[in-house]
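So you can see what is in the structure, the chains are spelled out below.
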Amino acid sequence: MSAERGRRRDDSPRRGGASPRRGERGSGPSDRGRGGQQRGAGSANRARPGRGAASPARSGDRRDGREARVPAPRNQSRPKGLGGDHVEGRQAVRELLRAGKRKVHEVLISEDAHSAATLAEIVDLAGDRRVPVREVTRRKLDEAALTAAPQGVIAKAAAVQPVPLEELARSAGNTLPLVVATDGVTDPGNLGAILRTAEVAGATGVVLTSHRSANLTPAAVKAAAGAIEYLPIALVGGLPAAIAKLRDSGLWAIGLDGYAPDGLESLRVGDEPLVLVLGAEGRGLSALVERRCDQVVSIPVLGRIESLNVAAAAAVALFDIARTRNSA
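*Asks:* Explanation requested: the overall build of the protein in the structure shown.
*Replies:* On a plain count of helices and strands, the protein comes out with nine helices and 10 strands. Across the 328 residues in the protein, those meeting the buried criterion constitute 52%. Pairs at least 24 residues apart make up 83% of the contacts formed inside the protein by residues separated by at least 6 positions. Approximately 15200 Å² of the protein is accessible, and the part contributed by carbon and sulfur atoms is 49%.

Okay, here's the thing in structure tokens:
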């Protein structure tokens, strides 16, 4: 089934089982169609908080339906630009040295932690790259840490440099763009988990916003476990405008929102160039971002808990898209 392209799309997101519609774009992507099973019983239409009937309160959510702000760990402030210059955790530091894409100024290792195989590998990698390694007491390491558990190692490196948004719209060889964008995801742990999943699932880039969103704080970098060394990341001022630019470049814009009536199985463009937009927990996608999407889908809910954590929902959606692409 092919997508309709003759008329200019209005500002409302397309619903129902039909393919998402697009405005005129010249030679845009086509909807190849894909079958889907019926949604589960727990996924009936839910009213979005603040846009209809009240939604049941969730633990950790504010009463106004917005995602509760998670206090930053001690001494941790929002970085300028993307951040990422303070790296903690064994996996994150190892991938920083393995990738070799950023200058690493120094590695601090707890003097009582050399028995761990990963830390021994970090020392070897640092030696190969001529990065100074300094042994410190566990107390000194903990004093320098900006997360609760640095796992015996901290690295100081050059900040992650953002890429132009246009770069994310380009295909790399035979790999079609699969971009992940976050809309109001403010918890660094969630952001890090999303980045890790995106890299493993084959995403080709990420879009973060410079406000109302978590950036690459030490907690996010640690949770990402090295994914930031391989994922191109664009930093934009406004997500609606960024989505519009990506759509103009030939990408479908697919929103993921727990309150959307369409299930993930209704997505018919998984094997096309696309940007997957993730809404914040509690609030979901903002109204303007939702209007920029060609289709908004949700994860079918079969149990009694209302929805998945945003990072878990991202994993389900990304691997479903990956499955579709691998079977195409």
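*Asks:* For this particular structure, what's the right way to read the nonpolar core?
*Replies:* Looking at soluble globular proteins, one finds that nonpolar side chains tend to be buried together. Ranked by size, the top nonpolar core spans 58 residues in total, and within it Leu-195 and Leu-276 carry the most contacts. At seven residues, the largest contribution of residues to this core is made by helix α9 (residues 310-327). Leave out the neighbours within four places in its chain, and Leu-195 touches Val-206, Leu-216, Ala-224, Ala-227, Ile-228 and Leu-231. Counting 22 residues, the second-largest nonpolar core is a separate cluster that includes Val-179, Leu-239, Ala-242 and Ile-243.

*Asks:* Would you mind showing me how to read the pairing of strand β8 (residues 252-256) here?
*Replies:* Of all the five residues making up β8, five are buried; the element is thus mostly covered by neighbouring parts of the structure. Burial along β8 is two-sided: the face carrying Trp-252, Ile-254 and Leu-256 and the face carrying Ala-253 and Gly-255 are both buried. In this structure, β8 lies alongside strand β10 (residues 295-297), joined through three bridges in parallel fashion. From the neighbouring strand, Leu-256 faces β10, where its bridge partner is Val-297.

*Asks:* How should I be thinking about the sheet that holds strand β9 (residues 274-279) in this particular structure?
*Replies:* Adjacent strands of a sheet form backbone hydrogen bonds with each other and so pair up, either parallel or antiparallel. Taken in spatial order, the six strands line up as β7-β6-β5-β9-β8-β10 in an open sheet, and their pairing is parallel. The open sheet has two edge strands, β7 (233-236) and β10, and neither has a second partner. The sheet shows a mean angle of 25° between the axes of neighbouring strands, direction not considered. Relative to β9, β8 runs parallel, the two sharing five bridges. Following the sheet pairing, Ala-253 is matched in β9 by Val-275. On top of the sheet, α9 reaches β5 (178-183), β8 and β9; it is set at about 160° to β9, its chief contact.

*Asks:* Where do I start with helix α2 (residues 117-128) in this structure?
*Replies:* Turn by turn, an α-helix covers 3.6 residues, leaving residues three or four places apart pointing in a common direction. Between its terminal C-alpha atoms α2 stretches 17 Å, which fits the 16 Å expected from 12 residues at 1.5 Å a residue. All buried positions along α2 are accounted for by Thr-118, Leu-119, Ile-122, Leu-125 and Ala-126. Looking straight down α2, one finds its buried side chains confined to an arc of 115°; they lie on one side. Residues of α2 that are exposed and angled more than 90 degrees away from the buried face: Ala-117, Asp-124 and Asp-128. Considering only its buried residues, α2 is in contact with α1 (90-99), β2 (104-110), β3 (133-136) and β4 (153-157).

*Asks:* What's the story with the sheet that holds strand β1 (residues 86-88) in this structure? I'm lost.
*Replies:* One open sheet accounts for four strands, arranged β1-β4-β2-β3; its pairing is mixed. Of all strands in the sheet, those with a lone pairing partner are β1 and β3, marking the two edges. Strand-to-strand twist across the sheet, computed as the mean angle between neighbouring axes with direction ignored, equals 20°. The pairing of β2 with β3 spans four bridges and is classified as parallel.

*Asks:* Just to check I follow, could you spell out the confidence of the model for the protein for this structure?
*Replies:* Reading fine detail from the predicted coordinates is not recommended where pLDDT is low. On average, the protein scores 82 in pLDDT, and the residues at 70 or more come to 75%. Overall, residues 23-47 carries pLDDT values under 50, and its contacts beyond four positions in sequence, including any with other chains, amount to 75 contacts.

*Asks:* How should I be thinking about the environment of Ala-148 in this particular structure?
*Replies:* Here Ala-148 shows up in the loop between α3 (138-144) and β4. Residue classification places Ala-148 among the exposed residues on the basis of a relative accessible area of 80%. When the C-alpha atoms of Ala-148 and Ala-219 are compared, they prove to be 8.7 Å apart, with 71 residues separating the residues in sequence.

*Asks:* Sorry, what's going on with the pairing of β4 here?
*Replies:* Note on strand geometry: in a regular strand, side chains alternate between the two faces of the sheet. Burial of β4 is extensive: four of the five residues sit out of reach of the surface. In this sheet, β4 lies alongside β1 in antiparallel orientation, the contact comprising three bridges. Pairing of Glu-88 across the sheet is with Ile-154, part of β4. When β2 meets β4, the two strands line up antiparallel, connected through five bridges. When the sheet's bridge partners are listed, Val-107 is paired in β4 with Ala-155.

*Asks:* Hey, could you run me through the pattern of salt bridges in this one?
*Replies:* Applying the stated criterion to the full structure yields nine salt bridges. Notably, a salt bridge pairs Arg-138 with Asp-112, separated by 3.2 Å at the nearest N-O pair. Of the two residues, Arg-138 is situated in helix α3 and Asp-112 in the loop between β2 and α2; the sequence distance between them amounts to 26 residues. Take Arg-138: its relative accessible area is 38%, and that puts it in the partly exposed class. A residue is classified by how much of its surface remains accessible, and Asp-112, at 47% relative accessible area, is partly exposed. One network of salt bridges, in which partners are shared, links Arg-94, Glu-95, Arg-98 and Glu-121.

Criteria and cut-off values
- Residues numbered from 1 in each chain as written.
- Predicted model: local features only at pLDDT ≥ 70, side-chain atom pairs only at ≥ 80, totals over all residues.
- Heavy atoms only, no water.
- Helix = DSSP H or I, 4+ residues; strand = E, 2+ residues; numbered from the N terminus.
- Buried < 20%, exposed > 50% of the residue type's maximum accessible area, 1.4 Å probe, protein only.
- Contact = heavy atoms within 4.5 Å.
- Areas by Shrake-Rupley, 256 points an atom, 1.4 Å probe, with all protein chains shown as cover.
- Core = buried A, V, L, I, M, F, W, Y, C linked by side-chain atoms within 4.5 Å.
- Pairing = 2+ DSSP bridges.
- Axes fitted to C-alpha atoms, helices over the stretch in contact; angles between N-to-C directions.
- Expected span 1.5 Å × (residues − 1).
- Arc of directions from axis to C-beta.
- pLDDT = per-residue confidence, 0-100.
- Salt bridge = Lys/Arg side-chain N within 4 Å of Asp/Glu carboxyl O.

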